[in-house]
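# Summary of the model geometry
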Amino acid sequence: MSWLPLVGLAAGLVAGMLGVGGGVLFVPGLVFLVGLTQQQAEATSLLAIIPVAIVGTYQQDRYGNVRRRDAILLGVLSLAGAAAGVALANVLSGAALRDAFAAFLLLVAVQLVRRTLREAR
């Protein structure tokens, strides 16, 4: 059984619901379930996120949730960062990339928990 359809559906659902781009599921799913290397998973995720982002943005825009000026600014400024990130990803080992990805996800999780606890007070 190919896990690819399940990874794609789950990542799309999470991306549309939480706005995370799907990469938080695409990358681990492609590494652990499909068997890609960390570099292959990250590169594949970048391409796969394009249609997810288009559909998600369209739907969110219909609800009036897109701040277009901010989105354009973020997108333009992210171009240099994306190019630098790809260059860096190609010189780092798969283990270093995996560890950095895990640390990033952990940092995001900690921030979300802190914010939730702060708002609960």
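Anything mentioned here points back to the structure above.
Residues numbered from 1 in each chain as written. Predicted model: local features only at pLDDT ≥ 70, side-chain atom pairs only at ≥ 80, totals over all residues. Heavy atoms only, no water.

Turning next to the pattern of salt bridges. Inspection of every chain in the model, using the stated rule, returns three salt bridges. A salt bridge links arginine 68 to aspartate 61; the nearest nitrogen and oxygen atoms lie 2.5 Å apart. (Salt bridge = Lys/Arg side-chain N within 4 Å of Asp/Glu carboxyl O.)

Turning our attention to the environment of leucine 105. Along the polypeptide, leucine 105 turns up in helix 5 (residues 94-120). Among the residues examined, leucine 105 registers a relative accessible area of 27% and is labelled partly exposed. Taking the C-alpha atoms as reference points, leucine 105 and valine 24, separated by 81 residues in sequence, lie 7.6 Å from one another. (Helix = DSSP H or I, 4+ residues; strand = E, 2+ residues; numbered from the N terminus. Buried < 20%, exposed > 50% of the residue type's maximum accessible area, 1.4 Å probe, protein only.)

Let's shift gears to the nonpolar core. Considering soluble globular proteins, one finds that nonpolar side chains tend to be buried as a cluster. Grouped together as the largest cluster of nonpolar side chains are five residues: Val27, Leu30, Val31, Ala41 and Phe101. Examining the composition of this core, we find that three residues originate from one element, helix 2 (residues 23-34), more than from any other. Dropping the residues within four chain positions of it, phenylalanine 101 is found in contact with Gly23, Val24, Val27, Pro28 and Gln38. (Core = buried A, V, L, I, M, F, W, Y, C linked by side-chain atoms within 4.5 Å. Contact = heavy atoms within 4.5 Å.)

What follows covers the side chain of glutamate 42. For glutamate 42, the position within the fold is in helix 3 (residues 38-62). At 9.6 Å, arginine 98 is the nearest oppositely charged side chain to glutamate 42, a buried residue that forms no salt bridge. Excluding its chain neighbours within four sequence positions, the residues that come into contact with glutamate 42 are Val27, Ala89 and Leu97. (Lys, Arg positive; Asp, Glu negative; His and termini not counted.)

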